[in-house]
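Now for the letters of each chain:
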Amino acid sequence: MAGSDGKVEITTTDPRALEREVQVRRDRLAATLEELHDRLQPSEIARRGLASAQTSALGFVTDRRGGLRTERVAAVAAVVVGVGVVLVVRAVKKRR
């Protein structure tokens, strides 16, 4: 049973029961380590990051019902065009 500190106390002295408990804990630890190994793979981290970015971007340009928020799309387009104009103006000034 779990104690007040969250640790599990072993209350039996039966060697077979102790061996089973040790094996159960080893198996649980092995599964946890395998899960951590899988989660920390660079490809898995990148996949989760991309999925999160896609979800955020989609949430930004759509409403709760999935409809397009045209005012936000227009604002983003205006910013992109503005940045493009600034870059072109800077490039032209550098050539002079």
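Residues numbered from 1 in each chain as written. Predicted model: local features only at pLDDT ≥ 70, side-chain atom pairs only at ≥ 80, totals over all residues. Heavy atoms only, no water.

Chemist: Kindly report on the overall build of the protein, identifying the contributing residues and their values.
Modeler: From N to C terminus, the protein includes three helices and zero strands. Secondary structure elements of the protein, listed N to C terminal, follow the sequence α-α-α. Here the C-alpha radius of gyration of the protein, 28 Å, is well above what a compact globule of 96 residues would show, namely 12 Å. A principal-axis box enclosing the C-alpha atoms of the protein has dimensions of 85 × 40 × 25 Å. Residues counted as buried form 2% of the 96 residues belonging to the protein. As presented, the protein carries roughly 8700 Å² of accessible surface, and 61% of it is formed by carbon and sulfur atoms. In the protein, the 18 positive side-chain charges and the 12 negative ones have mean positions that sit 19 Å from each other. (Helix = DSSP H or I, 4+ residues; strand = E, 2+ residues; numbered from the N terminus. Rg over C-alpha atoms; globule rule 2.2 N^0.38 Å. Buried < 20%, exposed > 50% of the residue type's maximum accessible area, 1.4 Å probe, protein only. Areas by Shrake-Rupley, 256 points an atom, 1.4 Å probe, with all protein chains shown as cover. Lys, Arg positive; Asp, Glu negative; His and termini not counted. Charge placed at Lys NZ, Arg CZ, Asp CG, Glu CD.)

Chemist: Describe the pattern of salt bridges, naming the residues involved and giving the relevant values.
Modeler: Under the definition given, this model contains four salt bridges. Close ionic contact of Arg25 with Glu21 constitutes a salt bridge, the shortest N to O distance being 2.8 Å. Here Arg25 pairs with Glu21, and both are found in helix α1 (residues 15-39), just four residues apart, close to one helical turn. With a relative accessible area of 31%, Arg25 lands in the partly exposed category. The exposure class of Glu21 is partly exposed, given its relative accessible area of 27%. Glu35 serves as the salt-bridge partner of Arg39, at 2.7 Å between the closest nitrogen and oxygen. (Salt bridge = Lys/Arg side-chain N within 4 Å of Asp/Glu carboxyl O.)

Chemist: Before we move on, could you go through the side chain of Thr62 and cite the residues and values that matter?
Modeler: Within the secondary structure, Thr62 is located in the loop between α2 (42-61) and α3 (70-95). Reaching out from Thr62, the side chain makes a polar contact with the backbone oxygen of Leu58 at a distance of 2.5 Å. Setting aside residues no more than four positions away along its own chain, Thr62 makes contact with Gly67 and Arg69. (Polar contact = N/O pair within 3.5 Å; in protein donor to acceptor, adjacent residues only side chain to side chain. Contact = heavy atoms within 4.5 Å.)

Chemist: Could you give me a rundown of a nonpolar patch on the surface, with the residues and numbers involved?
Modeler: The grouping of Leu29, Leu33, Leu36, Leu40 and Ile45 at the surface amounts to a nonpolar patch, some 490 Å² of accessible area in total. A total of three residues in the nonpolar patch trace back to one element, the largest contributor, which is α1. Tracing the backbone through its elements, the reader meets Leu36 in helix α1. For Leu36, a relative accessible area of 41% gives the class partly exposed. (Patch = residues over 30% accessible without salt bridge, like charges linked within 9 Å, V, L, I, M, F, W, Y side chains within 5 Å.)

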